[in-house]
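Here's the letter readout for the chains.
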Amino acid sequence: DAGITQSPRHKVTETGTPVTLRCHQTENHRYMYWYRQDPGHGLRLIHYSYGVKDTDKGEVSDGYSVSRSKTEDFLLTLESATSSQTSVYFCAISALAGGSSYNEQFFGPGTRLTVL
Amino acid sequence: AQRVTQPEKLLSVFKGAPVELKCNYSYSGSPELFWYVQYSRQRLQLLLRHISRESIKGFTADLNKGETSFHLKKPFAQEEDSAMYYCALWALGSGSARQLTFGSGTQLTVLP
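This one's a predicted model, so the numbers in the text were calculated from it and none came from an experiment. (Residues numbered from 1 in each chain as written. Chains lettered and ligands numbered in written order. Predicted model: local features only at pLDDT ≥ 70, side-chain atom pairs only at ≥ 80, totals over all residues. Heavy atoms only, no water.)

### Describing the interface of chain A and chain B
The interface of chain A with chain B comprises 27 residues on the first partner and 20 residues on the second. Overall, the association of chain A and chain B removes approximately 2,000 Å² of surface from exposure, summing both partners, and the carbon and sulfur fraction of that is 52%. Across the contact surface, chain A and chain B share 0 salt bridges. In this assembly, chain A and chain B are joined by 4 residue pairs in polar contact (both at pLDDT 80 or more). The set of elements that each furnish at least two residues to the side of chain A that touches chain B consists of strand S4 (31-38), strand S5 (42-51) and strand S6 (54-57) of chain A. Top contributing element to the side of chain A that touches chain B by residue count: S5(A), with 4 residues. When the residues that make up the side of chain A that touches chain B are grouped by side-chain class, the tally is 12 nonpolar, 10 polar and 5 charged. (Contact = heavy atoms within 4.5 Å. Buried area = accessible area lost by both parts, 1.4 Å probe. Salt bridge = Lys/Arg side-chain N within 4 Å of Asp/Glu carboxyl O. Polar contact = N/O pair within 3.5 Å; in protein donor to acceptor, adjacent residues only side chain to side chain. Helix = DSSP H or I, 4+ residues; strand = E, 2+ residues; numbered from the N terminus. Nonpolar A, V, L, I, M, F, W, Y, C, P; charged D, E, K, R; others polar.)

The following block contains the structure:
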């Protein structure tokens, strides 16, 4: 497995509380992504980063914010968690993502988040 | 906007039987398509990309632009093929760069 870790691996929280998920990589890859995985929807992109302090929105970014202050860390924050954000969250990294040339995305182990 | 459709949520076949997992896409540009696989308790990993036109673990997938399809096939399924399979499209998304758009996935079970 590529050097990607996610923490925590499991979390149960209550509606309205803030939650931060961490993705850490040791590959020095430029691109990092956050996806959520839900039955019937597959994986959907939340936010991605193309460098330190450079981030952009994905398909389902509402209710989420991200930060990347170091190459190796990409944080996903739910400012005020809702039950609809109960999901499995995956981080991914890739070396290049520009133009029409695809570089493989490597996925982390996932974080299972339950919002009660 | 781009879209990837996998019509079968669940697919069961017997060991040794042929298997085909369907994938259709909608995209106005030139598509780049992939199959990802997630085995039980393992990470999501790339299985195939259409550009390479290779066979991995006996699986092949051919891009049919006329039918906008990228079906995954294997002539003789094995029990170890049981997994969740996702079709994915690499295309310009809502942001400023290309993104992977996934289908909803097909859970394949190969019965003994």
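### Quick notes on the packing of aromatic side chains
Within this structure, the stated rule accounts for 11 aromatic pairs over all chains. When the centroid spacing of 6.3 Å and the interplanar angle of 50° are considered together, the rings of A:Tyr48 and A:Tyr50 count as tilted. The buried category is assigned to A:Tyr48, whose relative accessible area is 1%. An aromatic cluster is built from A:Tyr33, A:Tyr35, A:Tyr48, A:Tyr50, A:Phe107, B:Tyr36, B:Tyr86 and B:Phe102, whose rings are joined through pairwise contacts. (Phe/Tyr/Trp six-rings, centres within 6.5 Å; stacked < 30°, edge-to-face > 60°. Buried < 20%, exposed > 50% of the residue type's maximum accessible area, 1.4 Å probe, protein only.)

Shape is all these values report; function is a separate question.
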